[in-house]
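# Observations on chain architecture
What follows is each chain in one-letter form.
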Amino acid sequence: MTVKGFFKSNVFKCLVTLLCVLLVSGIFLTIMNGLLAISDEERFARAISKIYGKSVATTPVAVADYNTNATIEEAYKVEDGNYLVKSTGKGGYENGTVTCWVVVEYKNGAVCGIGKVVIDSNKNQSYIDRVGEKALNQFSELYSSEVNEKGYTEDMITNATVKGTKTAICNAVNGALDYVNNAFGKVRALGERFLEEIQKAYGENVISVYGTDETGAEKLITKEDETVTGFKVDEKHGNATVTEYYKLKYNDGEKDILHYLISSTGNGGYQDGTVTCRVTIAIVGGKPTTIYNAAITGNVGQSYINDIKHMGNYSNVDITADGFEFAPAGDFLTSGATKSSTAIVNAVNGAVSYIKTVKFETSEPEEPEEGEGEDSGNDSDENGEGGNA
Amino acid sequence: MNKYKKITLDGLIYQNPTFMLVLGTCPTLGLISSAFSAMGMGLTVVVILTLSNILISALRKVIPNAVRIPCYIVIIATLVTFARMFLEKFVPDLYDSLGGFLALIVVNCIILGRAEAFANKHTVPEAAVDGVMQGLGFTVALTLMGIICEFFGKGSLFGLQIMEFKISMLAKPAGAFLVYGLCIAVFTYVIDCIERARRVKANKIARENLLREVA
Amino acid sequence: MGTFIAIVLAAVLTNNFITVKTYGICPFLGVSKKTSSAAGMGVAVTLVMVIATLVTYPIYTYVMIPLGIEFLEIIFFIFIIASLVQMLEKIIQKISPSLYGAMGIYLPLITTNCAVLGVTELVIGDMSAYIGDASMNIGWAVLYALFAGLGFTLVMIIMSGMREKLNYYKTAKALAGFPIAMVTACFICMAFTVFSYISLG
């Protein structure tokens, strides 16, 4: 075959066609690859958002192990303040492990809950499929300050019948809790966290809080304080125990107003548990006048405590009437947590009943104010003191 | 327009790639455990099949007969690669749930089969309609089986939990085989009955016409 | 050694290509009417799977990744497989006409067999589920391809044996052909779930 013949032959035509098709495809795909390429960051963000439930920005943080039963693989600080920890729990079935992603909720320098637990991978756990979402959700439902200290035990998690696997998951979650607690939880002094928490309710106004020192004498609480103690009370008032109080001076821009921060634990909660509230009461003219606000600070066994949405009902309430008492929980219940609400009402009523027994020195600058009690049940920056005599 | 009606009916019923021709079985069996992935695979195939049919039909006079199969494969592989990039970028959920079967669309017999049997003999519009209809036939069949398998196998529909009762085996390959087999049986049986009824009716009309003529 | 056993068990039994991954179903349903043809098809597929992996794995790791053209993998792989199959056909025809007589007719079908493209795509992906902590290399890749092919052949032979027996019985008209074959396959799959209980501790 001559050269000329080759160029005219079918073989040449076939080759050219095939090469053309290949070339066009290659060029097309290269362009498309450039246009549609997914960066590593995007890929990572996608993986994280799948675990987290929504897309969030994260920054990686250094990992360390504080718990012998778990290994922390990766950890990220999420933009909303929480931590996302990848933790491998030991002690599973046949000495296997389970790796979980744990969302550790973090607020004001302390762990305040478990947001979500997602199983990432496992070794030798053939029944891992039987651990459903229901079982994993219990980690966030059962979270309490006690759990934060001692960790979850496998008896707490029901609905997951696989013993070994459950142990490994519990270990992984406990490992994540220990890690966040140890690595980030204790960095800030208790005093700073305490003040920050109180400050929140007062907006930008300047406050100074007084507690006691070791000897029981009055002392200004500062950000550097390692321990914070209030004035001891320990009295029973109705269905609640008032344990301690702090004094607080709040400047509304013109003058100082004295507030009492009363810690009161109400009984009669869900499964005979209790709810502890911090009730802030304004003292005007040597007399308790209004509840500034009330906040939940702790609970025992109240699994629905996060559903409580009516704490605003305790804000700016005039308590000057004799024998004032909040009505039973049912009256302003907005969630299904009836029992927990009962305990809260008890706690607040206990605090009110306590404050009325206190004798105030009248050395305070006395100047009864003409305020209008128009604020109805809302956290507001203004101190709505209404209805003075 | 009768031509297009025939193509449509062929794609959806008489030459339904899943139930009648039993093509593209690997992705079918692998993905009908979830209605979402089954439908996603079906729609991906609709797009790829239509585009490949159009391209191959347009190039049918240019490509020499000897190298047509390699050319078709390259065209299909290009479309699949493009689909993979597109899904990974814009529909990552579907990309994840299709897994390895996305790349395997290249060797899906439906696409190469339509290229060889239809697209290289027909005009571009006909090939396009054929691609859409065959693809839809595939999609409808997959979605149908996906719904059955997911409902009984996982107690959910398109990922939405409906009931606690479930037969896990139906969401596994074993169940996929069973459901697919039974669906083919039911489909062919129904088609058979319809055909027979139509034939009986046609015979009757023919006989009546004959009688009338004789009379 | 542990990795070796893990790969063999996973490829043949626990993650069998047909019963678990549902790859390569077309020949599984189409060429399983007789045991002899099923075995021929199985061996041919295994052969092509091994050779294809042997070629595509190094090309992907040592050529495509350094060049940054991983996205062209589908085109490359399918092209390599298609040409391999063609070459293999010609070589077998030349060397051993008797072997060609037994296997040759299945070879052209193999190009569009998902199992072959499937295995080449699998070994370049995440294999940690099979090899554990060991690092992936061409040896494991080819080993996996070989035993995945053998697992495929095993199921093909089981299936053909059952279908041969089925021929002695009368089946309902609507069930004849593919439907009854799929119901049979369903039972094989169910039997294979037993192997998912294998644990290497």
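Attention here is on the structure that accompanies the text.

## Concerning the interface of chain C and chain B
On the chain B side, the residues contacting the 35 residues of chain C number 36 residues. Summed over both partners, the interface of chain C with chain B buries about 2,900 Å², with 83% contributed by carbon and sulfur atoms. Summed over the three residues of chain C that lose the most area to chain B, namely C:Thr22, C:Ile74 and C:Met182, the buried surface amounts to 21% of that side. Where chain C touches chain B, the interface holds three salt bridges. Put simply, B:Asp192 and C:Lys173 hold a salt bridge, and the shortest N to O gap is 3.0 Å. Inspection of the region where chain C meets chain B yields three residue pairs in polar contact (both at pLDDT 80 or more).

## Describing the packing of helix 2 (residues 10-36) of chain A against helix 4 (residues 68-90) of chain B
Relative to each other, helix 2 of chain A and helix 4 of chain B sit at 5°, their axes nearing to 10 Å. In terms of orientation, helix 2 of chain A lies roughly parallel with respect to helix 4 of chain B. Two secondary-structure elements touch here, helix 2 of chain A through A:Leu18, A:Val21, A:Leu22, A:Ser25, A:Phe28, A:Leu29, A:Met32, A:Asn33 and A:Leu36 and helix 4 of chain B through B:Pro70, B:Cys71, B:Val74, B:Ile75, B:Thr78, B:Thr81, B:Phe82, B:Met85, B:Phe86, B:Lys89 and B:Phe90. Grouping the constituent residues of the contact of helix 2 of chain A with helix 4 of chain B by class yields 15 nonpolar, four polar and one charged.

## Some details on the interface of chain B and chain A
It is common to give the size of an interface as the accessible area that goes away when the parts come together. Between chain B and chain A, the residue contacts involve 20 residues of the former and 18 residues of the latter. Summed over the shared surface of chain B and chain A, the number is three salt bridges. One salt bridge in this structure joins B:Lys89 and A:Glu42, with 3.4 Å as the shortest N-O distance. When residues of the side of chain B that touches chain A are traced back to their parent elements, those giving at least two are helix 4 and helix 5 (92-98) of chain B. Looking at the side of chain B that touches chain A, the element that brings in the most residues is helix 4 of chain B, giving 12 residues. Among the residues making up the side of chain B that touches chain A, the classes are represented as 14 nonpolar, two polar and four charged.

## Some thoughts on the side chain of B:Glu150
Mapped onto the elements, B:Glu150 comes out in helix 7 (residues 124-154). Buried charge B:Glu150 goes without a salt bridge, the closest partner of opposite sign being B:Lys154 at 5.5 Å.

## A word on the environment of C:Leu9
With respect to the helices and strands, C:Leu9 occurs in helix 1 (residues 2-14). Separated by 68 residues in sequence, C:Leu9 and C:Phe77 place their C-alpha atoms 26 Å apart.

## Section: a nonpolar patch on the surface
Residue and element names in this part refer to chain A. Residues Val3, Phe6, Phe7, Val11 and Leu15 make up a contiguous nonpolar surface patch of about 460 Å² in total accessible area. Looking at the nonpolar patch, the elements with two or more residues in it are helix 1 (3-8) and helix 2. It is helix 1 that provides the largest number of residues to the nonpolar patch, a total of three residues. Looking at the element boundaries, valine 3 is found in helix 1.

Calculation notes
- Residues numbered from 1 in each chain as written.
- Chains lettered and ligands numbered in written order.
- Predicted model: local features only at pLDDT ≥ 70, side-chain atom pairs only at ≥ 80, totals over all residues.
- Heavy atoms only, no water.
- Contact = heavy atoms within 4.5 Å.
- Buried area = accessible area lost by both parts, 1.4 Å probe.
- Salt bridge = Lys/Arg side-chain N within 4 Å of Asp/Glu carboxyl O.
- Polar contact = N/O pair within 3.5 Å; in protein donor to acceptor, adjacent residues only side chain to side chain.
- Axes fitted to C-alpha atoms, helices over the stretch in contact; angles between N-to-C directions.
- Helix = DSSP H or I, 4+ residues; strand = E, 2+ residues; numbered from the N terminus.
- Parallel < 35°, antiparallel > 145°, perpendicular 65-115°, else oblique.
- Nonpolar A, V, L, I, M, F, W, Y, C, P; charged D, E, K, R; others polar.
- Buried < 20%, exposed > 50% of the residue type's maximum accessible area, 1.4 Å probe, protein only.
- Lys, Arg positive; Asp, Glu negative; His and termini not counted.
- Patch = residues over 30% accessible without salt bridge, like charges linked within 9 Å, V, L, I, M, F, W, Y side chains within 5 Å.
- Areas by Shrake-Rupley, 256 points an atom, 1.4 Å probe, with all protein chains shown as cover.

Worth remembering: the numbers are spatial, not functional.
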